[in-house]
Amino acid sequence: MTPVSSSLRRGPAGGPRPQDGARHSRQRPRRRWRQRLTPWLFLLVPLALLITFSYVPIINMIVYSFTDWDGVSPDYTFTGLENYVEIFTRPELFRVFVASAYYLGAAVLQIVLALYFATVLSFNTRFRNLFKGILFFPYLINGVAIGFVFLYFFQEGGTFDTVLRLFGIGGEHLWLGDPDLVNYSLAGVSVWRYMGLNFVLFLGAIQSIAPELYEAAELDGANRWQQFRFIIVPSLRPLIGLTAILAISGCLSVFEIPYIMTGGAGASETFVIQTIKLAFRFNKTGLASAAAVVLLVIILLVAWVQRRIVPEERVTS
Amino acid sequence: MTTAVRARVASTLKYLSLIVAGLVVLLPLGVVLLTSLKTSDELAAGSGPLTPPGDWLNLANYVTAFEKGRMAEAALNTFVILVVSITGTVFIGSAAAYAIDRFDFRLKKLIVALFLFATLVPSITTQVTTFQVIDQLGLFNTRLAPIMLYLGTDIVAIYIFLQFIRSIPISVDEAARLDGASSFTIYRKIILPLLKPAIATVVIVKGIAVYNDFYIPFLYMPDQGLGTISTSLFRFKGPFGAHWENISAGAILVIVPTLAVFLLLQRFIYNGLTRGAAK
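On a predicted model such as this, the values are computed, not experimentally measured, just so you know. (Residues numbered from 1 in each chain as written. Chains lettered and ligands numbered in written order. Predicted model: local features only at pLDDT ≥ 70, side-chain atom pairs only at ≥ 80, totals over all residues. Heavy atoms only, no water.)

Participant: Quick question: what am I supposed to make of the nonpolar core here?
Facilitator: In this structure, A:F199 and B:F115 are the most contacted members of the largest nonpolar core, which totals 181 residues. Considering every element that reaches this core, the biggest residue donor is helix α8 (residues 182–207) of chain A, with 15 residues. There are two domains that each give this core at least three residues, and those are domain 1 (3–57) and domain 2 (61–278) of chain B. Beyond its immediate chain neighbours, meaning those up to four positions away, A:F199 contacts A:A114, A:F117, A:A118, A:L121, A:K132 and A:L135. (Core = buried A, V, L, I, M, F, W, Y, C linked by side-chain atoms within 4.5 Å. Buried < 20%, exposed > 50% of the residue type's maximum accessible area, 1.4 Å probe, protein only. Helix = DSSP H or I, 4+ residues; strand = E, 2+ residues; numbered from the N terminus. Domains from an automatic or database assignment. Contact = heavy atoms within 4.5 Å.)

Pasting the structure below:
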């Protein structure tokens, strides 16, 4: 993200322009007024939408988090920190973060794979564009379609079991029914789905490295691994940092794939699924709001850490 | 090991890894394609997932999925929402970026900070209260609900436009202003046309997001007649139960347009996403 504030520029557009004296003084008040109003005309709709759909919900959410509102009845009472105490003391509400750990592991795997394939495919390789397209395409596929594709893939005695049998690993597994396996299966789907995006971003960054650098390194006798280690990795560091932070906030807000595939039942329930269930199924709007505030605070913390670690100028290339 | 042998081994391993990765991506999709061409009798008789269908041209499942799944209606709904929200995003985002970059006004820093902070808040966290806002505005169960949300919560577009507007020299504006052009004329006749590459980026990034979004239409338009591609496909879970031949056909129907657009616009999609993400 680019800091808008850091590069605010004084545009000359607002300044007065030389005019001949008489006209100048007569038109001045009106012109001033119009000049002052113009930017607001351009900002009217964007600001109205921003406030209605971002800030009103955020403020309401914080207010509701201190109440026992059920989301339906006209009145509610303020209960202070009760909701927050409940979140941090009821272990079953906290258990959903276990699922996040699996997605975090998946994110690490995803970044490593993306880095490997981006490096391999940025050098001379046959069918480069074909492989690039295949690896990237899953990112574009509709999430519901992906959910169905993998529901079928993971059926007992289905595709995955059949393929494993070809390699001599027998047996039928409840890939989505077994609480010990379900999160591995779902995290695997998320690697399948999102690896391509990271891969394409890394590929773009690698290709913007000046080719002279490799030539110079080759003349100095550096091998492929050394080129990767000392040229590619350092130049990708800001992007890798950004991806890692996005992965953390991403794995906290996983919703779609587990909801579609398992209904978010049992061990596969994530924080967001739980919040949605609390709000819309159990009518605990107050508690759900408090949960959402907790998630928001965690994500803001992560974003703040990112800004500390990765200086902004280096992210935009 | 000599260098030549080592290079040969490395190259073999490289292609092996690429082929394995390709198979991992294509196998789950390929199996669904095979299943979509099988009859329910074939599946009942225990046709394995990797077994080819008896008749490669059996399109009966596609007809069933298309008609019973109300896919025509879903495509139309998605199309309307897509066009309105993308057009709106382009105008709203570019207008906001123009005002922020080209004018000096009071509260500018505050407004920039408001937009900036909003990018940090994942919309999924505020969904519970956003729901109340949509409900109170009377937008629940209308196509306007997703449209307004796509317009109102897309701050990324403003950043993409801001990046590009910065690269347009201010002297261009000044020259036009000396010729008597108003700010609105400058925006419409000079800035917008020069923003074409940014518009392409926003259209692609936004288009992918809206076409594939499940959550917003699912939550805000539960009405049967208001299904989008995503929610209509999700409803296959009910009526088709374990009829995998029909569900597979539905999934393939949804994937094929994406594949067609991808093959046509590959280069632009890669560039658009790289720009959109590195913003």
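Moving on, there is more to tell.
Participant: I keep staring at the side chain of B:S85 and nothing clicks. Help me out?
Facilitator: Examined against the element boundaries, B:S85 turns out to sit in helix α4 (residues 71–102). Setting aside its immediate chain neighbours within four residues, B:S85 contacts B:I147, B:Y150, B:L151 and B:V210.

Participant: So what exactly am I meant to see when it comes to the packing of aromatic side chains here?
Facilitator: How two aromatic rings sit relative to each other is set out by the distance from centre to centre and by the angle between their planes. The tally for this structure, following the rule as stated, stands at 43 aromatic pairs over all chains. Judged by centre distance (5.0 Å) and plane angle (70 degrees), the rings of A:Y116 and A:F117 are edge-to-face. Residue A:Y116 is classed as partly exposed on the basis of its relative accessible area, which comes to 33%. Among the residues examined, A:F117 registers a relative accessible area of 5% and is labelled buried. Taking 5.6 Å as the distance between ring centres and 65 degrees as the angle between the ring planes, the aromatic pair formed by A:Y259 and B:F218 counts as edge-to-face. Within this pair, whereas A:Y259 is found in helix α11 (residues 256–262), its partner B:F218 is found in helix α12 (residues 215–220), the two belonging to separate chains. (Phe/Tyr/Trp six-rings, centres within 6.5 Å; stacked < 30°, edge-to-face > 60°.)

Coordinates in, geometry out; function isn't part of it.
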